[in-house]
Amino acid sequence: MALLTPEDLENLSMQLEENDEIARRVTGLDIRGICESLYGTEPGSEKVGIIPITAGNGIIGNFTSSLLYIVEYFGFEGFITEHPDVTGYYEAVSRGADIIMMADDHIFTAHNLRNEKIVSNHVATGVVYADIASRFQEASSKDILVIGLGRVGYAGACHLVNKGFNVYACDPNKEFLQKAVDELGINPYCSDDRKKFSMVFEATPNADTISEGMIEERCLVSTPGIPCGLPPEIGKKYRVDLVMEPLVIGVASMLYSVI
Ligand SMILES: NCCC[C@@H](N)C(=O)NCCCC[C@H](N)C(=O)O
């Protein structure tokens, strides 16, 4: 999994506004509306404790401050603990946090201490980005393409199968693909298939995973992937709408899924 860099998190408010506007235009809902519809929840007065974690590669500049911005944008009360790690955990609970958010290099989690709900960023991000792709109002059918079946892609594909979409998926890892075929009943897709899609959910850590043969004239690509899987020239040529940003939408999904 590629780790975020402080540069990824620059001008987060502009990235949020841009993606909110695109989401509203192509799905009819903004990010808040999509999360409310997805989980049937609305923020109450939950207090979110954000704990810096020094494990592994350590603290990522402006990661916790970005989380605080996102928590407050979506109407929660939040604070960043003064201390990291175990001391920070003790501080967050002592300060009355209802929800704890923290991340090491492998898992980024939100845990609601009151209702005991817990979620990983992988699952919450996969579900919300897949859901966004599936809400494309100009979609030509219920066919949807999922590129990447790792922890994020698999969660998104599972959500789309449960929503009743015709899910086609690909992954260079044949074991990942076979697992999704066996467990989710998805249709394996390879790029030399002639089939084109108007909805694409891309969940890989690679660039240029989307090729011309995959997409219809009007198409929505939804991806949390860094770098972006959609080549800019293809995006322009096919008038593709792209919902993509590094952190906000996945964190919003985490919060709405544990309240
Ligand atoms: N969609 C978001 C995915 C984030 C994930 N790829 C990552 O960089 N995780 C590492 C976060 C490390 C945070 C650090 N321990 C801190 O607390 O500052």
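Right above here is the structure, for reference.
So, here's what we can say about the structure. (Residues numbered from 1 in each chain as written. Predicted model: local features only at pLDDT ≥ 70, side-chain atom pairs only at ≥ 80, totals over all residues. Heavy atoms only, no water.)

## Looking at the overall build of the chain
Threshold: Numbered from the N terminus, helices here are DSSP runs of H or I no shorter than four residues, and strands are runs of E no shorter than two. The quantity called the radius of gyration is restricted to C-alpha atoms. Its globule counterpart is 2.2 Å times the number of residues to the power 0.38. Using a 1.4 Å probe on the protein chains alone, a residue whose accessible area is under 20% of its type maximum counts as buried, one over 50% counts as exposed, and one in between counts as partly exposed.
Of regular secondary structure, the chain possesses 9 helices and 11 strands. In terms of overall size, the chain behaves like a compact globule, its C-alpha atoms giving a radius of gyration of 18 Å where 259 residues would be expected to give roughly 18 Å. Viewed in the frame of its principal axes, the chain has a C-alpha envelope of about 60 × 35 × 35 Å. The buried share of the chain, reckoned over its 259 residues, is 54%.

## As for unusual backbone geometry
In the segment running from Ile-226 into Pro-227, the intervening peptide bond is cis, with an omega of 0°. The topology assignment puts Pro-227 in the loop between strand S10 (215-222) and helix H8 (232-237). Not every positive phi belongs to a glycine, and Asp-85 is a case in point at roughly 60°. Among the secondary structure elements, Asp-85 is positioned in helix H4 (residues 85-94). We classify Asp-85 as partly exposed; its relative accessible area is 26%. Positive phi outside glycine occurs at Arg-239, with the angle close to 50°. With respect to the helices and strands, Arg-239 occurs in the loop between H8 and strand S11 (240-243).

## Quick look at the sheet that holds strand S2 (residues 77-80)
Picture the strands of a sheet paired through backbone hydrogen bonds; they go either parallel or antiparallel. The following threshold applies: By the convention used here, strands pair only if DSSP detects at least 2 bridges between them. The convention used is that axes are lines fitted to C-alpha atoms, helices contributing only their stretch in contact, and that angles between N-to-C directions extend from 0 to 180 degrees. Any two residues whose heavy atoms approach within 4.5 Å are treated as being in contact.
If you trace the 5 strands from one edge of the open sheet to the other, you get S2-S1-S3-S4-S5, paired in mixed fashion. With one partner strand each, in any of the chains shown, S2 and strand S5 (118-120) form the two edges of the open sheet. Neighbouring strand axes in the sheet, compared pairwise and without regard to direction, differ in orientation by 15° on average. Examined bridge by bridge, strand S4 (residues 108-112) and S5 share 3 bridges and lie antiparallel to one another. Bridged to Ala-110 within S5 is Val-119. Across the face of the sheet, H4 comes into contact with strand S1 (47-51), S2 and strand S3 (99-103) while running at roughly 165° to S1.

## A look at the site of the ligand
Inclusion rule: The near set for a molecule or strand comprises every residue that places at least one heavy atom within 4 Å of it. By the criterion applied in these results, polar contacts are pairs of N or O atoms within 3.5 Å in which, for protein atoms, one can donate a hydrogen and the other can accept it, and in which residues neighboring in sequence qualify only through two side-chain atoms. Only the protein chains shown count as cover for residues, and all accessible areas are computed by the Shrake-Rupley method using a 1.4 Å probe.
Neighbouring the ligand are 15 residues; Ala-2, Leu-4, Ile-53, Ile-60 and Ala-103 lie closest to it. Taking Ala-103, its main chain carries an N or O atom lying 2.7 Å from a nitrogen atom of the ligand. When the ligand sits alone it has 500 Å² of accessible area, and the protein chains cover 93% of it.

## Points about helix H9 (residues 248-258)
Where burial is concerned, most of H9 is hidden: 11 out of the 11 residues are buried. Listed in full, the buried residues belonging to H9 are Val-248, Ile-249, Gly-250, Val-251, Ala-252, Ser-253, Met-254, Leu-255, Tyr-256, Ser-257 and Val-258.

## Quick notes on the environment of Glu-36
Relative to the helices and strands, Glu-36 is located in helix H2 (residues 31-39). Measuring from C-alpha to C-alpha, the distance between Glu-36 and Tyr-256 comes to 7.0 Å, with 220 residues separating the pair along the chain. Apart from residues lying up to four places away in sequence, Glu-36 is in contact with Thr-41, Glu-42 and Tyr-256.

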